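# Secondary and tertiary structure notes
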Amino acid sequence: MSTESAIRDSIDEAATTVGSLWPIHSFVTANPLSGFEDRPFGEAVEQAATLLGGRGYPSAETFGTALERGQIDRELLEAELAEAGYENDPATLLDRMADEAGAENSDTDTATDHVDRVLTKWLSAFLDEGSAHWSMPNREAGFYTAFRGMAEYDSDIPDEGVVVDLPEAPIEAIEAVLKSYPESQWVPILEEQLAALPGWTGFIKQRAEDEGVWQSTYPISLEGYLAARLALLDAADADIKPDDDGDVNPADDLAQAFLRAWEATYREDLVGTVAAQSQSMYDSDTSGRPDAQLVFCIDTRSEVIRRHIETTGNYKTHGYAGFFGIPMEYQGYDDDVSVDACPPILDPQHHITDFPTDDDTQARHDRWSGMRAAADEVIEILEANAATAYGYVETAGSGYGLSLAARTLVPGRVHDLIDAAAELVPDDHEFCEPLIHHQYTYSGDLPVGLTTEEKVEYAATAFELMGFEEFGRLVVFAGHASETANNPYDSSLDCGACAGNPGGPSARVLAKICNDDSVKTDLRERGFDIPEDTVFIAGQHNTTTDEVDLFADDVPESHADDLDQLRADLATAREYATAERAEAMGADGSAGVTETERRAADWAETRPEWGLAGNAGFVIGPRELTSGCDLDGRAFLHSYDWSTDPDGDALEAILTGPMVVTQWINTQYYFSTVDNAVYGSGSKVTQNPVGNVGVYQGNGGDLMAGLPLQSLMIADDEPYHQPLRLSTIIHAPVERVTDIVADHEELTEILDNNWLSLTVVDPTQDHRVFHYEESLEWMAVSEQTEAHPEMPNTQAVADD
């Protein structure tokens, strides 16, 4: 093998330890330790701590608080501690954990720190995505070439070493530095250099793999990045010999025992609820056509609004991944570029765009939105231009002052004004429809629209995965989005299944597909008995204010009364849901709607909503398993009926898709909570956006990769989010689940390595519970315990 090939292989191997980071305007939640999922959880956090410096477990104080609040069952904890070989009482052990965790290595390398500062300056200039008015020269040639051509003009770069005469090819620059080290050290060296700025390198990795517009216009690669970094380190005479110190934190084994007990406490309660409901659901009569069915995203925030909707009338709700099964690239009417509207684990297969259908409404929209865009552009130019900025402030200062005062002092009134102004500018759905019919043309590599066969398949798949057997007069597909002001992390509150974008467009596409007469005919031939009076409607759930907006302008007059009643009941459900959310944020629940609208409009509000904080469970099964149960907005809920899925295809799709995505979400919340400085993004108060791609802490440094402090913590030292690994519960025959897991190595890997837990409630075996152990073996259930009468006791049994 040539030296160049050996270096490239080393780069590829080292890059596996770096998690991908998406731009903040399209925030995608992902496991920051995704590159370590091929090893056990404990080993992974240990190696990540050595490489990245992050803590892998909750603090002793966090465990102590959970124990005091009853979130950790003392009997379960004592059993876990005894099994791990600890004999002292929990209080003594927590003190020991705190003492052992207190000794941290704070050594710093001045030369490396200097290189980090220089490199982040170059990266922020090169990777800018439209926020800079003066662009870095020669970006079209690529990062390494641009750096090579301009490095001599940077006074912060020492005139020493390889950087003095950089080779034309980046691989040659890397070779010039690595040749002094044995090949056995190349991977560790490159791992440490990629881990030095994991936010930037994760962003580069994702951008290079995505091959989007910015990457094709201004290319960058990990190879080019490493060439520049190693050249700078060589110039600074920094020591890049890999660090062999991999000291294990002695508190980690103890923390694992506390964590397992905490997770078991939550899991037993949830499994007990599902097992009890599994038995009773077959005894109750759930027949009868609902007045309406509403399909929400599996997002934990949907659990709250779904629960309250079901109490207002004869409604049935379902859970489905928020992109509604359609892997598309979407471009709205006013959008300059298209966005991926599907999970990152999928590639878009179609290009869907909005096309106008109402000339008068379109003209009104264009007139008002054009005026607003022109005003925004003038203001931006005046603010950014050095010659006009001071004069602009003098002229507009008083008006801006009043605007800022209003947003600060009376944000609720501002929200009302925004709503009133929005009435003047029609939304896209009021005069546009998604262009779903196949156009026999392409947008880039993607076909525009869908064939009839594809429409039928997407609709049938949705109904099969959710176990639909009846249809109400109204069937609503409700995507979701958030509403916040002055929030760089606004996309982190949008739909994760839509790659950090609103889910309304996906809902509109599926509703239009299902209203197609030819599609309905084909669906009936496939066994879906869709009544002639069933109308499909799209909508969007505002997760900040719990308003559900129905896009129902073309609903026939025959359904007007149904629609009016549904809207009234949605408003009632909203009042109850916002009261619950307001109380969770420490506000007065009686003013729920007003409080959530205030938070949505307040430009100084650091916590507009809790997002998915609290997530801990994923239930895959019929709604009857959790209907009427208050799950506190902590569980993802995916509708599934094992009896309508004889081959297990629907369940396989759920386990390999939504379960993987929910595990990503769960691990990002977990690690952002246990070490917010390393795996999160710190306080919003001290963040600064950079290049429309991410945020710094302060005025420079690494891109922050995770969630902000205010999305996770009540106070600096008190988490709101309980950092637990995901507990997945499936209502299906255990043999079916075993077969699916066995067929997918990526599932057995994360299960055997304890990145999440899996429990099955088997309706074909008298609703017994089976907990996954490892290597396709299960812990079976036989008897009920005194402590948890709803939760049967477990005994070790290997699955056949």
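Above this text sits the structure in question.
In what follows, the accompanying structure is described.

### Considerations on the sheet that holds strand β3 (residues 328-331)
Strands in a sheet are paired, the pairing made by backbone hydrogen bonds, and the direction either parallel or antiparallel. Across the sheet, which stays open at both edges, the four strands sit in the order β4-β3-β5-β6 with mixed pairing between neighbours. Each edge of the sheet is formed by a strand with only one pairing partner; in this case those strands are β4 (339-340) and β6 (432-434). Inspection of the sheet shows β3 paired to strand β5 (residues 350-356) by four bridges, in the parallel sense. Pairing of Y330 across the sheet is with I352, part of β5. Most of the contacts of helix α20 (residues 504-514) go to β6, to which it runs at about 75 degrees, and overall it touches β3, β5 and β6.

### Focus: the packing of helix α6 (residues 110-126) against helix α10 (residues 198-210)
Each pair of packed helices can be described by the angle between their axes along with the distance between the axes. Relative orientation of the contacting elements α6 and α10 amounts to 35 degrees, with a least axis distance of 12 Å. The two elements α6 and α10 meet at a crossing, and its hand is left-handed. Contact with α6, carried on its side by T120, L123, S124 and F126, involves W200, I204 and R207 of α10 and no other residues of that element. Looking at the contact of α6 with α10, its residues break down into four nonpolar, two polar and one charged.

### A look at the nonpolar core
Core analysis: the biggest nonpolar cluster contains 140 residues, and F463 and F477 have the highest contact counts within it. Among the elements that line this core, the one with the most residues is helix α13 (residues 252-281), at 13 residues. Beyond its immediate chain neighbours, meaning those up to four positions away, F463 contacts F468, F471, F477, C514, L523, F528 and F536.

### Points about the side chain of E37
Here E37 is to be found in the loop between α1 (3-15) and α2 (41-52). Among buried Asp, Glu, Lys and Arg side chains, E37 stands out as unpaired, with R39 the closest opposite charge at 10.0 Å. A polar contact is formed between the side chain of E37 and the side chain of N31, at a distance of 2.8 Å. For E37, the residues in contact, after removing those within four places along its chain, are N31, Q663, E749, I750, N753 and W755.

### A short note on unusual backbone geometry
One non-glycine residue, A499, lies in the positive phi region at around 60 degrees. The topology assignment puts A499 in the loop between β9 (474-481) and α20. Its identity is not glycine, yet N692 carries a phi of approximately 60 degrees, on the positive side. For N692, the position within the fold is in the loop between β14 (687-690) and β15 (694-697). Judged by its relative accessible area of 38%, N692 falls in the partly exposed class.

The rules behind each value
- Residues numbered from 1 in each chain as written.
- Predicted model: local features only at pLDDT ≥ 70, side-chain atom pairs only at ≥ 80, totals over all residues.
- Heavy atoms only, no water.
- Pairing = 2+ DSSP bridges.
- Helix = DSSP H or I, 4+ residues; strand = E, 2+ residues; numbered from the N terminus.
- Contact = heavy atoms within 4.5 Å.
- Axes fitted to C-alpha atoms, helices over the stretch in contact; angles between N-to-C directions.
- Left-handed = near helix turned anticlockwise from the far one by under 90°.
- Nonpolar A, V, L, I, M, F, W, Y, C, P; charged D, E, K, R; others polar.
- Core = buried A, V, L, I, M, F, W, Y, C linked by side-chain atoms within 4.5 Å.
- Buried < 20%, exposed > 50% of the residue type's maximum accessible area, 1.4 Å probe, protein only.
- Lys, Arg positive; Asp, Glu negative; His and termini not counted.
- Salt bridge = Lys/Arg side-chain N within 4 Å of Asp/Glu carboxyl O.
- Polar contact = N/O pair within 3.5 Å; in protein donor to acceptor, adjacent residues only side chain to side chain.

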